Structure formats: C-alpha cells, structure tokens
Amino acid sequence: MKVTVAVYIATVIKMSSHANVAAFQLTSGTIQSSSNLSLSYVEKCNGDGPTTLFIHGLDSSSHTWRNVQQSLATPSVAIDCRSCEKSDLGNPLEFTPDALVEDVKSLVNAHPLLQSKFVLVGHSMGGRIAMCYAAKYLQDVSALVIEDMDIQMRSAQPSFFENFDEDKAITFERNHETILSIQHDLEIIGYTDARERCQKWYEEGRIYKVKDGTYYCSANPAFRALCYKTVFGSNCGEESWKTIAQNLHYKKLYPNISLMIAGIGTVCSEESINDMR
C-alpha cells in the first residue's frame, strides 16, 4: 500500500491562510451512540468543501483540535471519545477498539455534515482509532490522515508511568473542587508529572472552571488506561492496516492516505512504519 509521509495536513485539507476566526465559531453538541452513551463533539459548520472529522489522542479531548478547526476553510467535527470531555465512559468491560469505532460511526450517522465522504484525521491514539474506522468503513472516507501512530502492539502498561494504577484511573472523577484536588488524584493514579501536567492542562483549557465554581478535567486517565489495555494491547492496528490495503486492492477504494510522523519524541517504531509502507 502506498502511503504518503506528509508534513502538513494541508496536503489533503484546504487551510485558510487568512481565516477570520470570529466568523468560524465553534459549537458543541451531543449525540446518543448505538450503545446508548452520550457522546459530545465540537463542530464548525461554516466553510466550503469536504468535512473533516477529527479524533484526539490520550489525555485529551476535542479541545485538541480547536485551533485547527478555526484555521480550516472547510467544515469540521471533532469527537470526544468515550470518557473524554462530556462523553460517557459506559461499562469499562465494553471498552474495545470496535466499540470506539462504533462510537465514531454513531456520530457519522447522526451528524448532517458527515453524510458525504469526509476527511478522517486521528492523532496518536486517535490515529489508531481512525485506522480501525477506515478498515471497517473505508467507503465513508475521502482521505485518511494518521498523525504519529504506527501499527505495532504495545505493553498494556501505560507508557511513561511505571506504577500506573488502572483501577484508580478508571474511577477518576472529572469534577473537582480545586485544581489541587485534580493534581492529587492524578498523583495517586501514577502521573509522576501531575503538577506540571495540571498547570499545562489548565493553560490549554483541558482543565477549566464551570458555572458552579468547580473545576472540570476533560482529559480522563480512564481513556489512557483502557486504550492501553484494549487498543494497544491488541493487534487491531496491524489487522486494520491489512484490511485497508485489501480494500484498496480488491474493492478499488482509493482515499488519499497520509502518514505524519513527529520528529523528536515520536511514539512510532521505525520498523512498524516500514511495515505500513
């Protein structure tokens, strides 16, 4: 399968070099998934051209894409994966790669901007989910952009954290009286950089103050824990990529596929990237 190693998303998405941010307002919404979960998303409805559907990575939410959405000259939708931002977690035992794919499909089925072929963009773990979606529903996709993700299996232990407590991560409460309380819970879970992380998340808007005066953490450690266990801990990446290749060959479906690799600090294996080529 031929994969273009791209430098900018602009290779497949039209960017506006002089976007009027005030005119490109983002709005939030929710849908009910096929598994009866409430899933939140952020949309930008104005603009011409194909819609882009964004999937975020670990310790993140649709907030990751806000600046990108406002810079695009085309419509876009950014999903909050289950357990992130305002999306329900549901039963942790039902958290699987296919469940994540079906959550995305529920949004596609429900959202008027996604009724025609769209550009699918996934960052990091979102890239793995995007691969799985494209493997199952390639006919929905006009272009697939994978940002810094390969197809290899990984240890079920979340990277960077030697003593990550999966059970505590899954029961993490997103509403807290103070930011210090969020920091405390992250430390108990095993985030060794909890103080710096909370400061960064607050500055970026991943932690924010809500109307009742409490603080809400849109990034959920449960998503990290369960993705490592069920997504990275399975061969869904390799199997999905093989299926995409087979669909390209036998079904004559030819979306533009771009793979973007970070420089310093990439999570990707060079061997795995070579396999993807």
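Values in this document were obtained by computation on a predicted structure and should not be read as measured data.

Asks: When you look at the pairing of strand β5 (residues 76-79) in this model, what are you seeing that I'm missing?
Replies: Within a regular strand, side chains alternate between the sheet's two faces. Taking every second residue as pointing to the same face, both faces of β5 are buried, with S76 and A78 on one and V77 and I79 on the other. In the sheet, strand β3 (residues 38-44) pairs with β5 via 4 bridges, with the strands oriented antiparallel. By the bridge assignment, E43 is partnered in β5 with V77. As judged from the 4 bridges shared by strand β4 (residues 52-55) and β5, these two strands associate in the parallel manner. Counted as the bridge partner of I55 is I79 from β5. Between the parallel pair β4 and β5, the chain is carried across by helix α1 (residues 66-71), and the sense of this crossover is right-handed.

Asks: Would you explain the sheet that holds strand β9 (residues 207-209) in this entry?
Replies: Whether parallel or antiparallel, the strands of a sheet pair through hydrogen bonds between backbone atoms. On the basis of which strands lie adjacent, the open sheet formed by 3 strands has the order β8-β10-β9 and antiparallel pairing. Two strands close off the open sheet at either side, each with one partner strand: β8 (175-176) and β9. Examined bridge by bridge, β9 and strand β10 (residues 215-217) share 3 bridges and lie antiparallel to one another. Within β10, the position partnered with Y208 by the bridge is Y216.

Asks: What exactly am I supposed to notice about the pairing of β3 here?
Replies: Across the 7 residues that make up β3, a large majority, 6, are buried. Bridge count for strand β2 (residues 27-32) against β3 is 6 bridges, and the pairing is antiparallel. Bridge assignment links S28 to a residue of β3, and that residue is V42. Where β2 folds back on β3, the antiparallel hairpin that results is connected by 5 residues, among which N36 adopts a positive phi of roughly 70 degrees.

Asks: I keep staring at the packing of aromatic side chains and nothing clicks. Help me out?
Replies: Geometrically, a pair of aromatic rings is defined through the distance of the ring centres and the angle of the planes. Taken as a whole and assessed by the stated rule, the structure comprises 9 aromatic pairs. Look at F54 and W65: their rings are 4.5 Å apart centre to centre, the planes differ by 25 degrees, and that puts the pair in the stacked class. Here F54, found in strand β4, pairs with W65, found in the loop between β4 and α1; they are 11 residues apart in sequence, far enough to count as distant. Grouping residues by exposure puts F54 and W65 together as buried. Between the aromatic rings of Y228 and F232, the centroid separation amounts to 4.9 Å while the plane-to-plane angle is 80 degrees, which identifies the pairing as edge-to-face. Here the residue Y228 and the residue F232 both occupy positions in helix α7 (residues 221-232), the gap between them amounting to 4 residues, near one helical turn.

Asks: Looking at this structure, how should I read helix α2 (residues 97-110)?
Replies: Given 3.6 residues to a turn, an α-helix orients residues that are three or four positions apart in the same direction. Given a rise of 1.5 Å per residue, 14 residues ought to cover 20 Å, and the 20 Å separating the end C-alpha atoms of α2 matches this to within 8%. Counting buried residues in α2 gives 11 out of 14 residues, a clear majority hidden from the surface. Buried within α2 are the following residues: P97, A99, L100, V101, E102, D103, V104, K105, S106, L107 and V108.

What counts and how
Residues numbered from 1 in each chain as written. Predicted model: local features only at pLDDT ≥ 70, side-chain atom pairs only at ≥ 80, totals over all residues. Heavy atoms only, no water. Buried < 20%, exposed > 50% of the residue type's maximum accessible area, 1.4 Å probe, protein only. Helix = DSSP H or I, 4+ residues; strand = E, 2+ residues; numbered from the N terminus. Pairing = 2+ DSSP bridges. Right-handed = clockwise from strand over helix to strand, strands pointing away. Phe/Tyr/Trp six-rings, centres within 6.5 Å; stacked < 30°, edge-to-face > 60°. Expected span 1.5 Å × (residues − 1).

Function-wise, these values are silent; they only describe arrangement.
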